[in-house]
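Take a look at the letters that make up each chain.
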Amino acid sequence: MTSPATRPFGRALCAMITPFTAAGGLDLDAARRHAAALVADGCDGLVLSGTTGESPTTTDEEKTALLRAVREAVGGSVPLIAGVGSSDTRHTVRLAQEAEAAGADGLLVVTPYYSRPPQAAVEAHFLKVAEATGVGLMLYDIPGRTGTRIEPATLLRLAEHPRVLAVKDCSYDLLAATGVMARTSLAYYSGCEELNLPLYAIGGAGYVSTVANAVPRQMRAPLDAFDAGDTAEAARLNGLVAPLVEAMMAAGLPGTVTAKALLGAGTVREPLQPAGREAAAGLRGLYEELLAATA
């Protein structure tokens, strides 16, 4: 179990969707309502403009407007982490500075994608962002999407910077995570719901969850049970959420699409498409089963 001091951005974080109107514009009123509901249901941190927030298809101005609106809705009750990643270091630095000015408490910075830079360039990219602002960084390691891993040796060096505080880990390498956590003070957040409890059990700080958009209380429950010392109950609760996690995150549709389908906020920006009727019905069935099982 990690102590609060080692959770710089909270423990139960939601990778929040970005609501759009039926016409495709930013729906700031819906964003305010959703953010407030997530906090009320137990999220102690929100990540905005990540992949779940459709950051590849929102403008820089929309990202800033979203951050300001959510800050207005939740005040200072929880940390807000702004996704500022891109494949262009100069653009990432500019996004980071704009997010800091708009009130972000932290920055989610993904590895530059597609160009597959070597590790020295990856390290330099993150350090330039860390030097450009005064807020803490959560490095996002998701090689399955970016094409480039943040190697453990690189993380060990980056951990020496005072503003590199955390990792959102989607590397599927618990052994490497164990080694880095043992040698640094980096807070590890699971970015893959199926590993939320396993990573937490070996010293992780918590999670950043897309599924939490739909079931924030149920996603948090296994960690609450673990903290209470009831590992059997933690495992049971983890098993209850697993079918919905699989359907939302591993059944062929992006998590943004499945989350919006469950929330009745199906508008997504192309190239994404809303979930079809059959997929939405299947998700709804699993969602209702989970609610019934955890009532």
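Being a predicted model, the structure only gives us computed values, none of them experimental. (Residues numbered from 1 in each chain as written. Predicted model: local features only at pLDDT ≥ 70, side-chain atom pairs only at ≥ 80, totals over all residues. Heavy atoms only, no water.)

### Side note on the UniProt feature "active site" (unreviewed entry) in the chain
- Cross-referencing UniProt, the feature "active site" (unreviewed entry) maps to Y140 and K168 in the present numbering. In summary, the annotated positions, though distributed over 29 residues, converge in three dimensions, the widest C-alpha pair being only 4.7 Å.
- Position of Y140 relative to the elements: it lies in strand β5 (residues 136-141).
- Residue classification places Y140 among the buried positions, given a relative accessible area of 9%.
- Ignoring any residue separated from it by four or fewer positions in sequence, one finds Y140 in contact with T51, L108, V109, V110, T111, I150, K168 and C170.
- Here K168 shows up in strand β6 (residues 164-169). (UniProt positions renumbered as here; feature names shortened; annotations may be inferred. Helix = DSSP H or I, 4+ residues; strand = E, 2+ residues; numbered from the N terminus. Buried < 20%, exposed > 50% of the residue type's maximum accessible area, 1.4 Å probe, protein only. Contact = heavy atoms within 4.5 Å.)

### Here we look at helix α3 (residues 89-102)
- The first and last C-alpha atoms of α3 sit 20 Å apart over 14 residues, in line with the 20 Å expected at 1.5 Å per residue.
- The complete set of buried residues in α3 reads T92, V93, L95, A96, A99 and A102.
- In this structure, the buried residues of α3 make contact with α2 (60-74), β3 (80-83), β4 (106-110) and α4 (119-132).
- A side-chain oxygen of the first residue of α3 lies 3.0 Å from the backbone nitrogen of R90; this N-cap is D88.
- Following α3 by one or two positions, G103 has its phi on the positive side, about 110°. (Expected span 1.5 Å × (residues − 1). Polar contact = N/O pair within 3.5 Å; in protein donor to acceptor, adjacent residues only side chain to side chain.)

### Notes on the pairing of strand β1 (residues 12-15)
- Going residue by residue along β1, you find A12 and C14 tucked away on one face and L13 and A15 tucked away on the opposite face as well.
- Direction of pairing for β1 relative to strand β2 (residues 45-48): parallel, over a ladder of three bridges. Residue pairing in the sheet places C14 in a bridge with L46 of β2.
- Remark: the β1/helix α1 (residues 28-40)/β2 crossover connection has right-handed handedness. (Pairing = 2+ DSSP bridges. Right-handed = clockwise from strand over helix to strand, strands pointing away.)

### Describing the packing of α2 against α3
- Viewed as axis vectors pointing N to C, α2 and α3 meet at an angle of 25°, and their least axial separation amounts to 9 Å. One way to sum up the angle between α2 and α3 is to call them roughly parallel. As for the relative orientation of α2 and α3, their crossing is right-handed in sense. Contact residues: D60, K63, T64, L67 and R68 in α2; H91, R94, L95, E98, A99, A101 and A102 in α3.
- By residue class, the composition of the contact of α2 with α3 is five nonpolar, two polar and five charged. (Axes fitted to C-alpha atoms, helices over the stretch in contact; angles between N-to-C directions. Parallel < 35°, antiparallel > 145°, perpendicular 65-115°, else oblique. Left-handed = near helix turned anticlockwise from the far one by under 90°. Nonpolar A, V, L, I, M, F, W, Y, C, P; charged D, E, K, R; others polar.)

### Comments concerning the state of the cysteines
- On inspection of all chains with the given rule, the structure shows zero disulfides.
- Here C43 stays unpaired: no disulfide links it, and the sulfur of C14, its closest cysteine neighbor, is 4.9 Å away.
- In this structure C170 is a free cysteine whose sulfur lies 3.4 Å from that of C192, the closest cysteine sulfur available. (Disulfide = S-S within 2.5 Å.)

### Focus on α4
- Compared with the 20 Å implied by 1.5 Å per residue over 14 residues, the 20 Å span of α4 between its first and last C-alpha is a close match.
- Buried within α4 are the following residues: V122, E123, H125, F126, V129 and A130. Along the axis of α4, the buried residues cluster in a sector spanning 155°; they form a single face. Exposed side chains of α4 directed beyond 90 degrees from the buried face belong to A120, K128 and E131.
- Buried residues belonging to α4 abut α3, β4, β5, α6 (152-158) and β6. (Arc of directions from axis to C-beta.)

### Thoughts on the environment of G285
- Among the secondary structure elements, G285 is positioned in helix α12 (residues 277-293).
- On the basis of relative accessibility, which here comes to 27%, the residue G285 falls in the partly exposed class.
- Taking the C-alpha atoms as reference points, G285 and L244, 41 residues apart in sequence, are found 9.3 Å from one another.

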